[in-house]
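Architecture at a glance
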Amino acid sequence: GPFIIKVDRQNGGSPDLVMGYEDIAPGAEIQLHRHLVADEILFVHRGTGTASPNGRKAHVCAGATIYVPRNVTIGLVNDGTEPLGITFTFSRPGFEELMRDNSVLEGQPVTPMSNEERARIQAKHRWHTIAGPPSQ
């Protein structure tokens, strides 16, 4: 589903906050990751799923709010039958640039990326977002 940035430095001129929304299709997920420099708030406005903050599993549904402090691992799976609609807010910019590098403008065709291109993008944005579970 779409990932739309509504407020950031480019949209609205906020120097600090980033806010947007995303629809996660049934069976799809936001893979485990953590943000090194920003807190995040996720608000579920439709659907159901399972959130995994710091490895703990929690059922979420419409009205749920998930606070994710910086450097805490989070994942979210849509295990329901309808899209899982969430809004996200970050306390500092950075993540939106990763998403811009990984996506296309609304209405444009999606073109597959190579593994090398994805790795280059992840390395570029490693200062604020790290994919995967925490290192042991």
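In what follows, the accompanying structure is described. Given the structure is predicted, the values throughout are model-derived calculations rather than measurements. (Residues numbered from 1 in each chain as written. Predicted model: local features only at pLDDT ≥ 70, side-chain atom pairs only at ≥ 80, totals over all residues. Heavy atoms only, no water.)

Scanning the protein for helices and strands turns up 2 helices and 10 strands. Along the protein, helices and strands appear, N-terminal first, in the series β-β-β-β-β-β-β-β-β-α-α-β. At 14 Å, the protein has a C-alpha radius of gyration in line with the 14 Å of a compact globule built from 136 residues. Oriented by its inertia axes, the alpha-carbon framework of the protein measures out at about 40 × 35 × 35 Å. Counting every position in the protein, which comprises 136 residues, the buried fraction comes to 39%. Intrachain contacts of the protein at a sequence separation of at least 6 include 68% that bridge at least 24 residues. For the protein, the computed accessible surface area is about 8,000 Å², with 54% contributed by carbon and sulfur atoms. Positive and negative side-chain charges of the protein, numbering 13 and 15 respectively, have mean locations separated by a distance of 6 Å. (Helix = DSSP H or I, 4+ residues; strand = E, 2+ residues; numbered from the N terminus. Rg over C-alpha atoms; globule rule 2.2 N^0.38 Å. Buried < 20%, exposed > 50% of the residue type's maximum accessible area, 1.4 Å probe, protein only. Contact = heavy atoms within 4.5 Å. Areas by Shrake-Rupley, 256 points an atom, 1.4 Å probe, with all protein chains shown as cover. Lys, Arg positive; Asp, Glu negative; His and termini not counted. Charge placed at Lys NZ, Arg CZ, Asp CG, Glu CD.)

The topology assignment puts His 128 in the loop between helix 2 (115-124) and strand 10 (129-131). We classify His 128 as buried; its relative accessible area is 2%. His 128 has contacts with Arg 34, His 35, Leu 36, Val 37, Gly 94, Phe 95 and Leu 98, leaving out every residue within four places of it along the chain.

Let's shift gears to unusual backbone geometry. Despite not being glycine, Asn 54 shows a phi value in the positive range, around 55°. Along the chain, the position of Asn 54 falls in the loop between strand 5 (48-51) and strand 6 (58-61). Even without being a glycine, Asn 71 presents a positive backbone phi close to 70°. With respect to the element layout, Asn 71 can be found in the loop between strand 7 (65-68) and strand 8 (74-77).

Right, let's get into the sheet that holds strand 2 (residues 18-24). Spatial ordering of the open sheet is given by 1-2-9-4-7, a layout of 5 strands whose pairing is antiparallel. If you trace the sheet from one side to the other, it starts and ends with strand 1 (3-7) and strand 7, each paired once. Across this sheet, the average inter-strand angle for adjacent strands is 20°, counted without regard to direction. With 6 bridges joining them, strand 4 (residues 40-46) and strand 9 (residues 84-90) adopt antiparallel strand pairing. Within the sheet, the bridge partner assigned to Ile 41 lies in strand 9 and is Thr 89. (Pairing = 2+ DSSP bridges. Axes fitted to C-alpha atoms, helices over the stretch in contact; angles between N-to-C directions.)

Turning our eyes to something else, we now look at the side chain of Thr 73. Mapped onto the elements, Thr 73 comes out in the loop between strand 7 and strand 8. Apart from the residues lying within four places of it in its own chain, the contact partners of Thr 73 are Leu 32, His 33, Arg 34, Ser 52, Pro 53, Asn 54, Gly 132, Pro 133 and Pro 134.

Within a regular strand, the side chains alternate between the two sheet faces. As judged from the 4 bridges shared by strand 5 and strand 6, these two strands associate in the antiparallel manner. Along strand 6, the bridge assignment pairs Thr 50 with His 59. Two elements, strand 5 and strand 8, share 2 bridges in a ladder whose sense is antiparallel. Residue pairing for strand 8: Thr 50 is matched across the bridge by Val 77.

Attention now moves to the nonpolar core. Counting 22 residues, the largest nonpolar core has Val 60, Ile 66, Leu 76 and Ile 86 as its most contacted members. At 4 residues, the largest contribution of residues to this core is made by strand 9. (Core = buried A, V, L, I, M, F, W, Y, C linked by side-chain atoms within 4.5 Å.)

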